[in-house]
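Working through the structure, step by step
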Amino acid sequence: MASESIVDWPVRSFTDILSADVPEVGVLEQELAWLKEHLPPLDSPVVFCHNDLLCKNIIYDSSKGHVRFIDYEYAGYNYQAFDIGNHFNEFAGVNEVDYSRYPARETQLQWLRYYLQAQKGRAVTPREVERLYVQVNKFALASHFLWALWALIQNQFSTIDFDFL
């Protein structure tokens, strides 16, 4: 087969390669439409984001009290709430996913308060923290959607021996 891009594939052939557990293209399009309708009104600022803040990409040096981020291959401008929501999603793990590890509301509120205080350089109100909490948990859905599409593409094209689905 000649070098085809995914956009050249007929929709039917793409759906044929998916397992029964994967939603059909029409369902994915509906999910995308929902995200496009519900996320922009949240007014999350666009900032420079890591976009892949799983725990293995965060290095903490306890002797110096320093935190370092590594692996910037997906870094770029994105919604602030997406990056944080993605980070919280990553708590569940990669190879052995366990959503009971997703941070509880109180843990998130504490994390978000520290984050906002560092960002703003001042104490923040509970209302500011709650606003970011709502943004983050809605954008966490967009993170799931993005990585699900990424996995579908990787499953078809990657040369890495890994079960992406």
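These notes cover the structure that comes with them. Note that this is a predicted model, so its numbers are computed, not measured. (Residues numbered from 1 in each chain as written. Predicted model: local features only at pLDDT ≥ 70, side-chain atom pairs only at ≥ 80, totals over all residues. Heavy atoms only, no water.)

The subject of this paragraph is the pattern of salt bridges. Should their charged atoms come close, side chains of opposite charge can pair. This model, assessed by the stated rule, comprises 3 salt bridges. Among the ionic pairs, R105 bridges to E130, the shortest N-O distance being 2.7 Å. You can see R105 sitting in helix α4 (residues 105-120) and its partner E130 sitting in helix α5 (residues 126-157), a full 25 residues away along the chain. Look at R105 and you get partly exposed, because its relative accessible area is 37%. (Salt bridge = Lys/Arg side-chain N within 4 Å of Asp/Glu carboxyl O. Helix = DSSP H or I, 4+ residues; strand = E, 2+ residues; numbered from the N terminus. Buried < 20%, exposed > 50% of the residue type's maximum accessible area, 1.4 Å probe, protein only.)

Moving on, we come to the side chain of H87. When you line up the elements, H87 lands in helix α3 (residues 80-90). In this structure, H87 is in contact with L53, I58 and W111, ignoring residues within four places of it in sequence. (Contact = heavy atoms within 4.5 Å.)

Moving on to the packing of α3 against α4. Their axes nearest at 13 Å, the elements α3 and α4 cross at an angle of 140 degrees. Our classification of the angle between α3 and α4 gives oblique. Note that α3 runs across α4; the crossing there is right-handed. The residues of α4 that touch α3, namely those facing Q80, I84, H87 and F88, are Q108, W111, L112, Y115 and Q119. Of the residues belonging to the contact of α3 with α4, the class tally is 5 nonpolar, 4 polar and no charged. (Axes fitted to C-alpha atoms, helices over the stretch in contact; angles between N-to-C directions. Parallel < 35°, antiparallel > 145°, perpendicular 65-115°, else oblique. Left-handed = near helix turned anticlockwise from the far one by under 90°. Nonpolar A, V, L, I, M, F, W, Y, C, P; charged D, E, K, R; others polar.)

Attention now goes to the packing of aromatic side chains. Applying the stated rule across the entire model yields 7 aromatic pairs. With a centroid separation of 6.0 Å and 90 degrees between ring planes, the pair formed by F88 and F91 is classed as edge-to-face. The exposure class assigned to F88 is buried, which follows from its relative accessible area of 1%. On the numbers, 5.3 Å between centres and 75 degrees between planes, the contact of W147 with W150 is edge-to-face. With a gap of 3 residues between them, W147 and W150 both fall in helix α5, about one helical turn apart. Under the relative-accessibility criterion, W150 is labelled partly exposed at 29%. Positioned above the aromatic ring of Y133 is the side chain of R105, whose terminal nitrogen or guanidinium carbon lies 4.6 Å from the ring centre. Stacked on the ring of Y114, the Lys or Arg R113 has its end atom at 6.0 Å from the ring centre. (Phe/Tyr/Trp six-rings, centres within 6.5 Å; stacked < 30°, edge-to-face > 60°. Lys NZ or Arg CZ within 6 Å of the ring centre and 35° of its normal.)

Bringing the nonpolar core into the picture now. With 21 residues, the main nonpolar core has L112, V136 and F139 as its most contacted residues. Take this core: its biggest share by element is 8 residues, from α5. Not counting residues within four places of it along the chain, the set of residues in contact with V136 comprises A81, I84, G85, F88, Q108 and L112. (Core = buried A, V, L, I, M, F, W, Y, C linked by side-chain atoms within 4.5 Å.)

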